[in-house]
Every structure is written in structure tokens, then in C-alpha cells.
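What follows is each chain in one-letter form.
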Amino acid sequence: RLTGDPEIAGYSATLRDRFVAYGQRYVPEKFPLQEHKGFISLTGNVAAGPDARSFVGRFPHITAAEVVTEVPDETAQGDYLALCARAHLEGDLAICDYLVGRAQPVVRRRWEEGGRTFWAVGRERQ
């Protein structure tokens, strides 16, 4: 989705060059260059616990992944703000497309134990 928009892809290439020039080039262990179709993605592990700052850190038992999209929109105005909003939307829709295309089948279970009936509905994680 993002690569289909020439304006977003072009600006992303500019931001990639800045990322390399001012971060990755000097501190590659902190700013690893991980790209997919011209877009940078940063991945990492999060320590789990009740004081974690992310949802996946606080609730790892129910969260398979947490995704944050970033565009430099803090001071954006006018056409640039519109570009940032479109980039956010297209990034979010790309993630939705990815998840829908990999949906796991629902598993429904019913069993009896000690005179009681139990039901469970869930999905196997990959």
C-alpha cells in the first residue's frame, strides 16, 4: 500500500537517507537498518511486567504484537500534514491487510469435567 503512493514512497526514501546519515552510520547497533520494500522497520524485545510502558509489555499473554507507526508529524501543517495523515492511514491499512491475510482459524472446545461443562474459544498462535 505504501509503495503504491509515489509521494509517500519518495518522502520515505528521503527519511531513510536521513536515518542512515545521522543515526545508523554512527551507531549501527542502536539504529539497525531493517528495510522492507524501501521502508524502515525497527523491531525489538520488550520486558514484560506491570510497569511496562507498552501494551505488549503489560499484557504479553493476550498480545501477539504491538505496532507503532511513525511519521514526522509533530510540526506538520497544510499539505505536509495531509501527507503525514495519508502515510499513517496507509501504514495502518497495510497492517490490517497483513493480519487479515494471516488469520488463524478459530478453535472451539467443549468438555465436561467433574459434572461441569467448560467452553473455550481461541486461536492458536504461530
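All of the points below concern the structure found in this document.

## Some details on the overall build of the chain
Right, on to step 1. Broken down by element type, the chain carries 3 helices and 4 strands.
Right, on to step 2. When the helices and strands of the chain are read in sequence order from the N terminus, they spell out α-β-β-α-α-β-β.
Right, on to step 3. In terms of overall size, the chain is more extended than a compact globule, its C-alpha atoms giving a radius of gyration of 20 Å where 126 residues would be expected to give roughly 14 Å.
Right, on to step 4. When its C-alpha atoms are laid out on the principal axes, the chain stretches across 65 × 30 × 25 Å.
Right, on to step 5. Here the chain holds 126 residues, and 15% of them are scored as buried.
Right, on to step 6. Counting every atom, the chain has about 10100 Å² of accessible surface; 55% of that belongs to carbon and sulfur.

## Points about a nonpolar patch on the surface
Right, on to step 1. Together, Phe 55, Phe 59 and Ile 62 line one region of the surface with nonpolar side chains, adding up to about 290 Å² of accessible area.
Right, on to step 2. Among the structural elements, Ile 62 can be located in the loop between helix H2 (55-58) and helix H3 (78-101).

## What about the environment of Pro 32?
Right, on to step 1. With respect to the secondary-structure elements, Pro 32 resides in the loop between helix H1 (6-24) and strand E1 (35-36).
Right, on to step 2. Residue Pro 32 is classed as partly exposed on the basis of its relative accessible area of 28%.
Right, on to step 3. Along the backbone, Pro 32 and Asp 5 are 27 residues apart, and their C-alpha atoms lie at a distance of 25 Å.
Right, on to step 4. Not counting chain neighbours up to four residues away, the residues in contact with Pro 32 comprise Phe 19, Gln 24 and Leu 42.

## Structural notes on the side chain of Ser 54
Right, on to step 1. On the secondary structure map, Ser 54 appears in the loop between strand E2 (39-40) and H2.
Right, on to step 2. A distance of 3.1 Å separates a polar atom in the side chain of Ser 54 from the backbone nitrogen of Gly 57.
Right, on to step 3. Among all residues touching Ser 54, those that are not within four sequence positions of it are Val 46 and Glu 66.

## Topic: the nonpolar core
Right, on to step 1. Counting 5 residues, the largest nonpolar core consists of Leu 2, Ile 8, Phe 39, Leu 83 and Ala 87.
Right, on to step 2. With sequence-adjacent residues up to four places away left out, Phe 39 is seen in contact with Leu 2, Thr 3, Ile 8, Ala 9, Ser 12 and Gln 34.

## Comments concerning the side chain of Glu 90
Right, on to step 1. Within the fold, Glu 90 resides in helix H3.
Right, on to step 2. In contact with Glu 90, not counting residues within four places along its chain, are Arg 1, Leu 2 and Ile 8.

## Section: the pattern of salt bridges
Right, on to step 1. This model, assessed by the stated rule, comprises 7 salt bridges.
Right, on to step 2. We note a salt bridge from Arg 16 to Glu 35, for which the minimum N-O separation is 2.9 Å. Of the two residues, Arg 16 sits in helix H1 while Glu 35 sits in strand E1, which places them 19 residues apart along the sequence.
Right, on to step 3. Overall, Arg 16 belongs to the partly exposed group, its relative accessible area being 22%.
Right, on to step 4. Using a relative accessible area of 40% as the deciding quantity, one classes Glu 35 as partly exposed.
Right, on to step 5. Across the pair Glu 112 and Arg 110 runs a salt bridge, and its minimum N-O distance is 3.1 Å.
Right, on to step 6. Residue Glu 112 is classed as exposed on the basis of its relative accessible area, which comes to 56%.
Right, on to step 7. Given a relative accessible area of 46%, Arg 110 falls into the partly exposed group.
Right, on to step 8. Because the salt bridges share partners, they merge into one network encompassing Arg 1, Glu 90 and Asp 97.

What counts, and where the lines are drawn
- Residues numbered from 1 in each chain as written.
- Predicted model: local features only at pLDDT ≥ 70, side-chain atom pairs only at ≥ 80, totals over all residues.
- Heavy atoms only, no water.
- Helix = DSSP H or I, 4+ residues; strand = E, 2+ residues; numbered from the N terminus.
- Rg over C-alpha atoms; globule rule 2.2 N^0.38 Å.
- Buried < 20%, exposed > 50% of the residue type's maximum accessible area, 1.4 Å probe, protein only.
- Areas by Shrake-Rupley, 256 points an atom, 1.4 Å probe, with all protein chains shown as cover.
- Patch = residues over 30% accessible without salt bridge, like charges linked within 9 Å, V, L, I, M, F, W, Y side chains within 5 Å.
- Salt bridge = Lys/Arg side-chain N within 4 Å of Asp/Glu carboxyl O.
- Contact = heavy atoms within 4.5 Å.
- Polar contact = N/O pair within 3.5 Å; in protein donor to acceptor, adjacent residues only side chain to side chain.
- Core = buried A, V, L, I, M, F, W, Y, C linked by side-chain atoms within 4.5 Å.

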